[in-house]
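One letter stands for each residue in the lines below.
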Amino acid sequence: WDYDPSSGILQIAYRHDSIASPASTWVAWAINPASPAMIGSQALVAFHRPSDGKLTAYTAPVNDYSTSLTEAKLSIDVRDVGATYLDGEITIFGYIRLNENTSTLNHVWQDGPVSSDGPVQHSTNGDNVKSAGSLNLLSGASGIAGGGSDRMKKRNVGTRNLEFCLFWIWVAAVLQFIVLFFS
């Protein structure tokens, strides 16, 4: 990630590895303006649609525990959401406008199964209930709510610099051009 406190623009590239079955797994990363918890989160979601195999990325609010991550507008300004899949990893990226001079944010991350062209409920045990934390955008310090291993912390909250974000945005743009050109 890269953050400009004067403009409030956060550029994010969230990488989720170890996707054993890309055709049947969704991945999400979200900001929660109120707390490091799922309910109230504003999510970026990505998965391969079973009907056509295309990787899709979109936004979805998480309003309750029975959410199906239906595509919808968020309470925060998010632009240019996209995703890539390479070597068992899905990377979700986008630009998020935060309030100017925001210094910390609550975030959550998750994965789960896909059925009938959409996400369904994730597991409610193990790492799935430990995937929330806080991130200091100025120092890069992070914390995992409810514990969590150092490996999980490094995997999910690693610092991303501007060049990394721009690289993934460029890759997505090239892939979109190729799809449009050859379709």
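Reading the values: rules and limits
Residues numbered from 1 in each chain as written. Predicted model: local features only at pLDDT ≥ 70, side-chain atom pairs only at ≥ 80, totals over all residues. Heavy atoms only, no water. pLDDT = per-residue confidence, 0-100. Contact = heavy atoms within 4.5 Å. Pairing = 2+ DSSP bridges. Helix = DSSP H or I, 4+ residues; strand = E, 2+ residues; numbered from the N terminus. Axes fitted to C-alpha atoms, helices over the stretch in contact; angles between N-to-C directions. Salt bridge = Lys/Arg side-chain N within 4 Å of Asp/Glu carboxyl O. Buried < 20%, exposed > 50% of the residue type's maximum accessible area, 1.4 Å probe, protein only. Core = buried A, V, L, I, M, F, W, Y, C linked by side-chain atoms within 4.5 Å.

Colleague: Give a detailed account of the confidence of the model for the chain, specifying residues and quantitative values.
Modeller: A residue-level look at the chain finds 73% of positions with pLDDT of 70 or above and a mean pLDDT of 78. When the criterion is pLDDT under 50, residues 146-163 qualifies, and its contacts beyond four places in sequence or with other chains add up to 32 contacts.

Colleague: Any chance you could break down the sheet that holds strand β7 (residues 89-97) for me, citing the residues and the numbers?
Modeller: The four strands are arranged β1-β2-β7-β6 in an open sheet whose pairing can be described as antiparallel. Of all the strands in the sheet, just β1 (2-4) and β6 (77-86) have a single pairing partner and so form its edges. When strand polarity is set aside, the average angle formed by the axes of neighbouring strands in this sheet is 15°. Bridge count between β6 and β7: eight bridges; the pairing is antiparallel.

Colleague: I'd like to hear about the pattern of salt bridges, residue by residue, with values.
Modeller: Enumeration according to the criterion identifies four salt bridges in this entry. Where R15 meets D17, a salt bridge forms, and the shortest distance between an N and an O atom there is 3.6 Å. Of the residues examined, R15 reaches a relative accessible area of 22% and is grouped as partly exposed. With a shortest N-O distance of 2.9 Å, R79 and D77 are connected by a salt bridge. The partly exposed category is assigned to D77, whose relative accessible area is 27%. Among the charged side chains, a network of salt bridges with common partners joins R15, D17 and E89.

Colleague: Go over the nonpolar core with me, naming the residues and quoting the values.
Modeller: The biggest cluster of nonpolar side chains holds 23 residues, and the ones touching the most others in it are L10, W29, I31, I96, L98 and L137. If you list the elements that add at least two residues to this core, you get β2 (9-16), β3 (25-32), β4 (42-48), β6, β7 and β8 (104-115). Residue contacts for I31: discarding those within four places in its chain leaves L10, G40, S41, Q42, I76, I96, L98, L105, N106 and H107. If you look at the next biggest cluster of nonpolar residues, it comprises 13 residues, including A43, Y58, V62 and A132.

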